Amino acid sequence: MAGSGEGAAETASNSLVEWVGPQGVEALKVVVCTIVAQLVADRVIRKAWAWALSPSTTLAIAASGAHSGRRFTVDCPEVLVHTAKTIMVIHASLAAYGGWRVVQDCRHDMIFAQSPWIPWTTGFSAGYFCVDTYTMYRNFLANVPLLDGGVAAASIAKRNMSTFGRSHVLLLLHHFMLVSVFIPVPVISGKGHYISGRIALAECSNIFLAIRWLIRNSGRRDGVLDACNSLALMASWWVSRVWVFPSIYMEFAQSRGLSLVDAVLTLPWHCNVGSVVVLAPQLWWFSLMVKTLRNFIVGAVAKSKDL
């Protein structure tokens, strides 16, 4: 019996290697390790923020008294969001570094060149996005108001997942497309490591996105620091998340001696559809940034005229 069990396990292992390849197996190991490490880090960072936001700490005082008088727990909405933004910065920094290493390894051939960093980069990001989806839902439930003498309405929200889905549709679509298509395909097929590296580099913009939230939550909205960070966010977002797709197509066309239109028609249809699906929300979010910056400039001009 033991021998048959070991044989079945070996057969399953060989089948997995045959399906996803050696790099795919390594990436799956990284996914599991990332999920475990992120859940542990989430707990540790929540405790740190609960202490940092308590009334007696320097960080709470620096936040212009916004948190004074309250004792924060690890499960309160403010601590959960601060923790999510902190983990976002950590992931963005490491993913961007991994993407940069992949791009350096594969510059000579954007389709067939392979990088030993790809299992780490893709597995790390896949694990992060899986946990981040859970984190978004947890934070959504934490912000549900209390009903009937303190009975949380979270139980109602759990039975109505559509509420969460409708309010986070773009982020859920973004996470799903990355985890199901853009992350695993280069690992399994062994092609497009350069493109995967370029997409991983896009995470660098999330550093400024998280910093913007931390700045505004500390009561420094519409200040010079917020304006400078917003400009850096817009610039990094445009270069790494919007312009990255046209630039990849142009590089591919140049490497094959084709026109841009011929390059688009040469690629499989699912590559073009996937690019559009991922690019669309990036353009939408960028338009919101432009609108926010415009409102900031208009407000600053109005204030200057009133002086």
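This is a predicted model, so every value here is computed, not measured.

## Digging into the pattern of salt bridges
Here's step 1: Per the stated rule, a full pass over the model turns up six salt bridges.
Here's step 2: Asp75 is the salt-bridge partner of Arg46, the closest N and O atoms lying 2.8 Å from each other. Residue Arg46 is found in helix α1 (residues 2-52), and its partner Asp75 is found in the loop between α2 (58-62) and α3 (77-106); the two are separated by 29 residues along the sequence.
Here's step 3: Accessibility expressed as a relative area gives 8% for Arg46, which makes it buried.
Here's step 4: A salt bridge links Glu251 to Arg198, with the nearest nitrogen and oxygen atoms 3.0 Å apart. With Glu251 in helix α12 (residues 244-256) and Arg198 in helix α9 (residues 193-201), this residue pair connects regions lying 53 residues apart in the sequence.

## Focus on the packing of helix α4 (residues 118-142) against helix α7 (residues 169-182)
A pair of packed helices is characterised by two quantities: the angle between their axes and the separation of those axes.
Here's step 1: The geometry of α4 relative to α7 is characterised by a closest axis approach of 10 Å and an angle of 155 degrees between their N-to-C directions. Relative to α7, the element α4 is oriented roughly antiparallel. Between α4 and α7 lies a crossing whose hand is left-handed. Taking contact as the criterion, the partners of Ala126, Phe129, Cys130, Asp132, Thr133 and Met136 in α4 are, on α7, Leu171, Leu172, His174, His175, Leu178 and Val179.
Here's step 2: Taken together, the residues of the contact of α4 with α7 sort by class into eight nonpolar, three polar and one charged.

## Looking at the packing of aromatic side chains
What describes a pair of aromatic rings is the distance from one ring centre to the other and the angle between the planes of the rings.
Here's step 1: Taken as a whole and judged by the stated rule, the model has eight aromatic pairs.
Here's step 2: With centroids separated by 6.1 Å and ring planes inclined at 90 degrees, the aromatic side chains of Trp237 and Trp285 adopt a geometry described as edge-to-face. Placement of Trp237 in helix α11 (residues 224-242) and of Trp285 in helix α14 (residues 269-306) is noted, with a sequence separation of 48 residues between them.
Here's step 3: For Trp237, a relative accessible area of 3% translates into the label buried.
Here's step 4: Three or more aromatic residues joined by ring pairs form one cluster here, namely Tyr97, Trp100, Trp117, Trp120 and Phe124.

## Structural notes on the nonpolar core
Here's step 1: Counting 38 residues, the largest nonpolar core has Trp49, Val79, Met110, Leu178 and Phe182 as its most contacted members.
Here's step 2: With nine residues, the next largest nonpolar core counts Leu209, Met234, Met289 and Leu293 among its residues.

## Section: the side chain of Glu203
Here's step 1: Along the chain, Glu203 turns up in the loop between α9 and α10 (205-217).
Here's step 2: Only 2.8 Å separates the side chain of Glu203 from the side chain of Asn206, close enough to count as a polar contact.
Here's step 3: Leaving out residues up to four positions away in the same chain, Glu203 has contacts with His91, Ala92, Ala95, Phe129 and Arg241.

Definitions and cut-offs
Residues numbered from 1 in each chain as written. Predicted model: local features only at pLDDT ≥ 70, side-chain atom pairs only at ≥ 80, totals over all residues. Heavy atoms only, no water. Salt bridge = Lys/Arg side-chain N within 4 Å of Asp/Glu carboxyl O. Helix = DSSP H or I, 4+ residues; strand = E, 2+ residues; numbered from the N terminus. Buried < 20%, exposed > 50% of the residue type's maximum accessible area, 1.4 Å probe, protein only. Axes fitted to C-alpha atoms, helices over the stretch in contact; angles between N-to-C directions. Parallel < 35°, antiparallel > 145°, perpendicular 65-115°, else oblique. Left-handed = near helix turned anticlockwise from the far one by under 90°. Contact = heavy atoms within 4.5 Å. Nonpolar A, V, L, I, M, F, W, Y, C, P; charged D, E, K, R; others polar. Phe/Tyr/Trp six-rings, centres within 6.5 Å; stacked < 30°, edge-to-face > 60°. Core = buried A, V, L, I, M, F, W, Y, C linked by side-chain atoms within 4.5 Å. Polar contact = N/O pair within 3.5 Å; in protein donor to acceptor, adjacent residues only side chain to side chain.

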